[in-house]
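# Fold and geometry: a report
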Amino acid sequence: MPGDFDPYARQLLVLPDRDAAEEAAEELGADHPDLGEPEIVRDALAGEDDAEDAQWLVVVEPPEHGWTPARLHALDTLAASHHGWREQH
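In short, a report on the structure. What you see is a predicted model; the values in this text were computed from it and never measured.

### Overview of the overall build of the protein
When helices and strands are tallied, the protein shows two helices and four strands. In the protein, the order of α-helices and β-strands from amino to carboxyl end is β-α-β-β-α-β. By residue count, 33% of the 89 residues in the protein fall in the buried class. Sequence separation of 24 or more characterises 69% of the internal contacts of the protein that already satisfy a separation of 6 or more.

Pasting the structure below:
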């Protein structure tokens, strides 16, 4: 794990469109119900007004005992399966 890893940081799944974000959030809720219901947020890219230039975020709060490498890997896999990635926030 990188030196700036925070096991209690919120995780963001950055996805290309709303459909991908909704599908990922649904899968996350089904596979990891203990994480609660993730929030879906539209994130317009800086300086862009066109809705086509927006990314969608699935905001995932940390579990009670913090993130484990296995849980983070599951988030990475889920994001990648929807053509996205995970960021720590």
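### Re the pattern of salt bridges
Applying the stated criterion across every chain yields a total of four salt bridges. The shortest N-O distance in the salt bridge between Glu 61 and Arg 10 comes to 2.9 Å. Note that Glu 61 is positioned in the loop between β3 (54–60) and α2 (69–81) and Arg 10 in the segment before β1 (11–15), a separation of 51 residues in sequence. Given a relative accessible area of 36%, Glu 61 falls into the partly exposed group. A residue is classified by how much of its surface remains accessible, and Arg 10, at 34% relative accessible area, is partly exposed. The salt bridge involving Asp 76 is made with Arg 86; its shortest N-O contact spans 2.6 Å. Of this pair, Asp 76 sits in helix α2 while Arg 86 sits in strand β4 (residues 85–88), and the two are 10 residues apart along the sequence.

### Description of the nonpolar core
Taken as a class, soluble globular proteins show a tendency for nonpolar side chains to be buried jointly. Core analysis: the largest hydrophobic core is formed by 16 residues, its most contacted members being Leu 13, Leu 15, Leu 28, Val 58, Val 60, Trp 67 and Leu 75. Mapped onto this core, the elements with two or more residues apiece are β1, α1 (18–31), β3 and α2. Sequence-distant contacts of Trp 67, that is, excluding residues within four places in its chain, are made with Phe 5, Asp 6, Pro 7, Tyr 8, Ala 9, Gln 11, Leu 35, Val 60, Glu 61, Pro 62, Leu 72 and Leu 75.

### Notes on a negative patch on the surface
Taken together, the side chains of Asp 17, Asp 19, Glu 23, Glu 26, Glu 27 and Asp 31 define an acidic patch exposed on the protein surface. Relative to the helices and strands, Glu 26 resides in helix α1.

Reading the values: the criteria
- Residues numbered from 1 in each chain as written.
- Predicted model: local features only at pLDDT ≥ 70, side-chain atom pairs only at ≥ 80, totals over all residues.
- Heavy atoms only, no water.
- Helix = DSSP H or I, 4+ residues; strand = E, 2+ residues; numbered from the N terminus.
- Buried < 20%, exposed > 50% of the residue type's maximum accessible area, 1.4 Å probe, protein only.
- Contact = heavy atoms within 4.5 Å.
- Salt bridge = Lys/Arg side-chain N within 4 Å of Asp/Glu carboxyl O.
- Core = buried A, V, L, I, M, F, W, Y, C linked by side-chain atoms within 4.5 Å.
- Patch = residues over 30% accessible without salt bridge, like charges linked within 9 Å, V, L, I, M, F, W, Y side chains within 5 Å.
- Areas by Shrake-Rupley, 256 points an atom, 1.4 Å probe, with all protein chains shown as cover.
- Lys, Arg positive; Asp, Glu negative; His and termini not counted.
- Charge placed at Lys NZ, Arg CZ, Asp CG, Glu CD.

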